[in-house]
Amino acid sequence: MAEDPSSCIPYRYERTTTAALLHDQFSDLAAEEETEVRHSVAGRAMLVRSQGKIAFVTLVDSSGQVQLFARAATTAKFKEFTRLSLGDWIGANGKVVKTKRGELSILVEDWVMLAEARLPFGDKWRGITDVEIRYRQREVDLWANARSREILQSRSTIISETRRMLEEEGFVEVETPMLHPIAGGALARPFVTHHNALDMDLYLRIAPELYLKRLVVGGFEKVFEIGRVFRNEGISPRHNPEFTILELYQAYADYEDLMVSMESLVSTLARKLLGTTRIIYQGKEVDLEPPWRRATLEELVEESTGCAFTVDTPVTVMTEFLRDLGTVPESGWGSGKLLMEIYEKACEAHLWGPVIVKDFPVEVSPLARRHRDNQALVERFEVVIAGRELANAFSELVDPDDQRSRFEMQALRHANGDEEAMTVDEDYIHALEHGLPPTAGLGMGMDRLVMLLTDQPSIRDVIAFPTLRPQSRATE
RNA sequence: GCGCCUCUAGCUCAAUUUGGCAGAGCAUCGGACUCUUAAUCCGCAGGUUCGGGGUUCAAGUCCCCGGAGGCGCACCA
């Protein structure tokens, strides 16, 4: 039997405190004061300052950092201690003291190597900035750059707080299939995979929407799911092929109810995370304090273009206008799609928000219920913050016949080459025939919410392992 | 997919508008140092300047081809 080469590394280490706890408990210690309190800490040696017969190491753990103070006379394996590399994991034990300069420290008596960092970790002051390393070797980025850790920590907090708040409101968290026989619930190109035993193609889900509403049919009056969805589209600072979505459905409610829910959810998260609703995103202030501005899509289009376009505006007029904006409309686009395009081209990016944009054309909303006052529109709203769509919600379409004709319209487009269009989902229509009560539903991109609340310009910074082009052999 | 920009030591970056011996800080390695905070000081070592071709007496620098990445546009959340 070969000997375990890491036999000098212990299998466990019993630490008695963390960096943050030490600072909490011993902040009023005077400089040069030595306590009799003994503690064990563990973490990574980030800086080593060796000075002859004494040495200092800055130890970093997930809570923060604390200094280790070693003396040749009293510290075990002192010589080895002074030769620690940046990044080595160690456990150290000793009394809690403050140095002459007033730095809280563990006066190390005994310590043990927990893992060696064999590979270099970059500039100790500037960390790592090369995106190749930052994203491809995320473990290096995470410990070289404290901010990267903080962002992922915030992501975790945002998602768990969201979950907690929804549960408090009586929502039940559920899980629905990731593998769909029909990719539905959103307008997007899916990833295709194959099931061997059934010999059938399956699609990675582009949205959990249809299954969640089937659960409402089944009697779950308030459900939500926080999970990954997959869309086979380009990669950009705001798009990752897999991203995390929150979807929730509430029976007996309409889209007006969800506007209030959104305001409350997002502003509460901001207060929890940042202590304020007045946040800074990329140098500009956004005030998330409710109520948010509410305006219809048509109002906003008029505001930014000066033209009172509606779904009743002749197709030729809007086509002409879009051409002037530099967009070539496709032949199948009706007035609703054209209006939506004008909004997205001329309007959305300029809305700093938060703005609740409401009442969309029925043509671009195949799953939303018709507006109670205008049959050409649907009761749908999007939340726009910092020029980006953060959430999309509507009063759900509950009528199976209307749903079928909407699906058929989509299927026609799909047949004409629009790969993002839906196809007819008979199982879903069947479910609606069992009766979906009045229901409101919402989808929110959690990654974008994290970007907003952590002031990050790129979605890659809020995802631990973002999708990257495979590394080519040429660079290896 | 199209446009703009970037690539130099392990890391972070220099290398004059107008080509002239490829450098610094940190990290590594050797040494000094009993209160440091990116410790300091002395010393050693460290390079296919992304790859290939061209112009030139001379190319990191100029030109062409290719590669990798970033940003913007487009689709979406």
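The model shown is predicted, which means the values in this text are computed figures rather than measured ones.

Okay, the state of the cysteines next. Enumeration over the complete set of coordinates arrives at 0 disulfides. Of all cysteine sulfurs in the structure, the one in C347 sits closest to C307, which takes part in no disulfide; the separation is 12 Å.

One finds L246, M262, F381, V383, M444 and L449 to be the most contacted residues of the largest nonpolar core, which totals 44 residues. For this core, the element with the highest residue contribution is helix α7 (residues 255-274), accounting for 8 residues. If sequence neighbours within four positions are ignored, F381 has contacts with Y255, L258, M259, M262, I356, V357, K358, F360, A391, N392, A393 and L442. Counting 42 residues, the second largest nonpolar core, distinct from the first, contains W333, C347, L377 and F407.

Quick look at the side chain of Q403 now. The topology assignment puts Q403 in helix α11 (residues 400-415). Beyond its immediate stretch of four places on either side in the chain, Q403 contacts P366, L367, L397, Y428, I429 and L432.

Tallied over the full model, the rule gives 6 aromatic pairs. A centroid spacing of 4.8 Å and a plane angle of 20° characterise the contact between F56 and F69, whose relative ring orientation is stacked. Pair noted here: F56 is in strand β2 (residues 54-61) and F69 is in strand β3 (residues 64-71), with a separation of 13 residues, a long-range link. F56 sits in the buried class, given a relative accessible area of 15%. Arranged with centres 4.9 Å apart and planes meeting at 70°, the rings of F309 and F321 form a pair that is edge-to-face. A residue pair is termed long-range when its members are at least 10 positions apart, and F309 in the loop between α8 (297-305) and α9 (315-324) and F321 in helix α9 qualify at 12 residues. An identical accessibility class is assigned to F309 and F321; each is buried. The cationic tip of K337 hangs over the ring face of W333; the distance from NZ or CZ to the ring centre is 5.1 Å.

Mean pLDDT over chain A: 88, with 94% of residues reaching 70 or higher. For chain A, helix α3 (residues 131-136) is the element with the lowest average pLDDT, namely 71, and strand β6 (residues 172-173) is the one with the highest, namely 96. Taken together, the stretch residues 472-476 has pLDDT below 50 and engages in 1 contact with residues farther than four places along the chain or on a different chain. On the interface metric, ipTM, the complex scores 0.81, and its pTM is 0.88.

For the rest of this paragraph, the subject is the sheet that holds strand β7 (residues 179-180). As summarised here, the arrangement of the 3 strands in space is β7-β9-β8, forming an open sheet in which the pairing is antiparallel. Across the chains shown, the open sheet's two edge strands, defined by having one partner strand only, are β7 and β8 (192-195). Of the pairings in the sheet, the one linking β8 to strand β9 (residues 200-204) comprises 4 bridges and is antiparallel in character. Counterpart to H194 in the pairing with β9 is D201.

Here we take up the packing of α11 against helix α12 (residues 426-433). One way to put it is that α11 packs onto α12 with a least axis distance of 9 Å and a crossing angle of 165°. What the angle tells us is that α11 and α12 run roughly antiparallel. Crossing geometry of α11 relative to α12 is assigned as right-handed. Contacts from P400, Q403, R404 and F407 of α11 reach α12 at E426, Y428, I429, L432 and E433. Among the residues forming the contact of α11 with α12, the class breakdown is 5 nonpolar, 1 polar and 3 charged.

Our next topic: empty space enclosed by the protein. Empty pockets left among the atoms are what a rolling probe the size of a water molecule brings to light. A full pass over the atoms with the stated rule returns 1 cavity of 30 Å³ or more. One number sums up the size of the largest cavity: a volume of about 70 Å³. Lining the largest cavity, in full, are Y281, I385, A386, R388, E389, L390, R448 and L452. Going through the elements one at a time, β18 (388-395) and α13 (446-454) are the ones with two or more residues in the lining of the largest cavity. Per-element tally for the lining of the largest cavity: the top contributor is β18, with 3 residues.

Take the environment of P241 next. Considering the arrangement of structural elements, one finds P241 in the loop between β10 (222-230) and β11 (242-251). Separated by 125 residues in the primary sequence, P241 and P366 place their C-alpha atoms 23 Å from one another. Ignoring any residue separated from it by four or fewer positions in sequence, one finds P241 in contact with F191, V229, F230, R231, I235 and T467.

Okay, the pattern of salt bridges next. Under the counting rule described, the total for this entry stands at 31 salt bridges. Salt-bridge contacts for K213 lead to E209; the nearest nitrogen and oxygen are separated by 2.8 Å. Taken together, the positions of K213 and E209, both in helix α6 (residues 209-217) and 4 residues apart, correspond to about one turn of that helix. E303 serves as the salt-bridge partner of R293, at 2.7 Å between the closest nitrogen and oxygen. You can see R293 sitting in strand β14 (residues 293-296) and its partner E303 sitting in helix α8, a full 10 residues away along the chain. The class for R293 is partly exposed, based on a relative accessible area of 38%. Residue class for E303 comes out exposed when judged on its relative accessible area of 52%. Taken together, the salt bridges that share partners define one network made up of E161, R164, E168 and K272.

What follows is about α11. Compared with an ideal rise of 1.5 Å per residue, which puts 16 residues at 22 Å, α11 spans 22 Å between its outermost C-alpha atoms and is within 8% of the ideal. Listed as buried for α11 are P400, D402, Q403, R406, F407 and Q410. All buried residues of α11 fall inside an arc of 155° around its axis, so they share one side. Facing away from the buried side of α11, by more than 90 degrees, are the exposed residues D401, L412 and A415. In this fold, the buried residues of α11 make contact with β16 (370-371), β17 (374-385) and α12. Immediately beyond the C-terminal end of α11, within one or two residues, lies G417, with a positive phi of roughly 105°.

Conventions used here
- Residues numbered from 1 in each chain as written.
- Chains lettered and ligands numbered in written order.
- Predicted model: local features only at pLDDT ≥ 70, side-chain atom pairs only at ≥ 80, totals over all residues.
- Heavy atoms only, no water.
- Disulfide = S-S within 2.5 Å.
- Core = buried A, V, L, I, M, F, W, Y, C linked by side-chain atoms within 4.5 Å.
- Buried < 20%, exposed > 50% of the residue type's maximum accessible area, 1.4 Å probe, protein only.
- Helix = DSSP H or I, 4+ residues; strand = E, 2+ residues; numbered from the N terminus.
- Contact = heavy atoms within 4.5 Å.
- Phe/Tyr/Trp six-rings, centres within 6.5 Å; stacked < 30°, edge-to-face > 60°.
- Lys NZ or Arg CZ within 6 Å of the ring centre and 35° of its normal.
- pLDDT = per-residue confidence, 0-100.
- Pairing = 2+ DSSP bridges.
- Axes fitted to C-alpha atoms, helices over the stretch in contact; angles between N-to-C directions.
- Parallel < 35°, antiparallel > 145°, perpendicular 65-115°, else oblique.
- Left-handed = near helix turned anticlockwise from the far one by under 90°.
- Nonpolar A, V, L, I, M, F, W, Y, C, P; charged D, E, K, R; others polar.
- 1 Å grid on protein atoms, 1.4 Å probe; cavity = no way out; pocket = protein on both sides within 12 Å on 5 of 7 lines; lining within 4 Å.
- Points joined across faces, edges and corners; volume = space filled by probe spheres on them.
- Salt bridge = Lys/Arg side-chain N within 4 Å of Asp/Glu carboxyl O.
- Expected span 1.5 Å × (residues − 1).
- Arc of directions from axis to C-beta.

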